[in-house]
Amino acid sequence: MNKKKLDEEMEKLIGETQRPEIVMFLKLLRQVWQIDWTVAPYDVWTHFIEWDIPYFRRFMTLDEGDEDEEMELLQEWITSRAKGAKDQKSWQGQVVELIERVNNVRSSVANFKEYS
């Protein structure tokens with residue numbers, strides 16, 4: 001797996017996304033994949049919608065070097081909870097397509113060969 005390429009593709013996907021909740025999910029998924037790219041996006045989604053902060057902290061603890069960014073991400077996620085609750089149904093319909101899209105990103109990067 002070319003983790004650098006995976007990170008680049010995830011960053012690109014995050015930049016293309018409009019919904020703040022989906023951006024938050026993609027950022028958290030990216031954090032998880034920095035440690036273990038084999039974790040299924042659906043599993044991460046389940047922890048995301050259950051507000052399972054300890055799950056994400058465990059991955060962030062294993063990843064050294066960007067602690068400030070990780071704490072900022074968690075704070076942003078926590079404060080976004082109240083904001084997004086009222087219109088949750090308007091964006092959750094996009095989840096199946098999103099999960100398929102990030103699976104395709106992961107799959108394409110797993111098969112990516114870097115030639116020098």
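Let us look at the structure shown here. (Residues numbered from 1 in each chain as written. Predicted model: local features only at pLDDT ≥ 70, side-chain atom pairs only at ≥ 80, totals over all residues. Heavy atoms only, no water.)

## Brief notes about helix H1 (residues 3-16)
Applicable threshold: The helix count covers DSSP runs of H or I at least four residues long, the strand count covers runs of E at least two residues long, and both are numbered beginning at the N terminus. Each helix should span, by expectation, one fewer than its residue count multiplied by 1.5 Å. Contact between two residues is taken to exist if any of their heavy atoms lie within 4.5 Å; hydrogens are not considered. Any N or O atom pair separated by 3.5 Å or less is treated as a polar contact, with the protein-specific requirement of one donor-capable and one acceptor-capable atom, and with residues adjacent in sequence counted only for side-chain atom pairs.
The end-to-end C-alpha distance of H1, which contains 14 residues, comes to 20 Å, matching closely the 20 Å that a straight helix rising 1.5 Å per residue would cover. Turning to H1, the residues buried within the fold contact helix H2 (20-35) and helix H7 (95-110). The residue sitting at the N-terminus of H1 and contributing the capping side-chain oxygen is asparagine 2; that oxygen lies 3.2 Å from the backbone nitrogen of lysine 4.

## Points about the environment of lysine 3
Here is the rule we go by: Remark: exposure states derive from per-residue accessible area (1.4 Å probe, protein chains only) relative to the maximum for the residue type, with buried under 20%, exposed over 50%, and partly exposed in between.
Note that lysine 3 resides in helix H1. Take lysine 3: its relative accessible area is 37%, and that puts it in the partly exposed class. Sequence separation between lysine 3 and alanine 110 is 107 residues; the distance between their C-alpha atoms is 8.7 Å. Excluding anything up to four places from it in sequence, lysine 3 contacts Trp33, Gln34, Ile35, Asp36 and Trp37. A polar contact of 3.1 Å, which involves the side chain of lysine 3, links it to the backbone oxygen of glutamine 34.

## Let's talk about a negative patch on the surface
Condition: Patch definition: residues with relative accessible area over 30% and no salt bridge; like charges joined within 9 Å; nonpolar side chains (Val, Leu, Ile, Met, Phe, Trp, Tyr) joined within 5 Å. In these tables, accessible area is a Shrake-Rupley quantity obtained with a 1.4 Å probe, and a residue counts as shielded only by the protein chains included in the view. A pair is scored as a salt bridge if a Lys or Arg side-chain nitrogen falls within 4 Å of a carboxyl oxygen belonging to Asp or Glu. Charged residues are defined narrowly, with Lys and Arg counted positive, Asp and Glu counted negative, and His plus the chain ends left uncounted. Here the site of a charge means atom NZ of a Lys, CZ of an Arg, CG of an Asp or CD of a Glu.
A surface patch of like charges, here negative, comprises Glu64, Glu67, Asp68, Glu69, Glu72 and Glu76. Position of glutamate 69 relative to the elements: it lies in helix H5 (residues 67-84). Take glutamate 69: its relative accessible area is 43%, and that puts it in the partly exposed class.

## Some details on unusual backbone geometry
The phi dihedral of tryptophan 51 is positive, around 55 degrees, even though this residue is not glycine. Its place among the elements puts tryptophan 51 in the loop between helix H3 (41-49) and helix H4 (53-62). A relative accessible area of 24% places tryptophan 51 in the partly exposed class.

## Considering H4
Heads up, the condition is: As used here, the arc belongs to the directions running from the helix axis to the C-beta atoms.
Buried within H4 are the following residues: Tyr55, Phe56, Phe59 and Met60. Projected down its long axis, H4 shows its buried positions confined to an angular sector of 130 degrees, all on one face. Relative to its buried face, H4 has exposed residues pointing more than 90 degrees away, namely Thr61 and Leu62.

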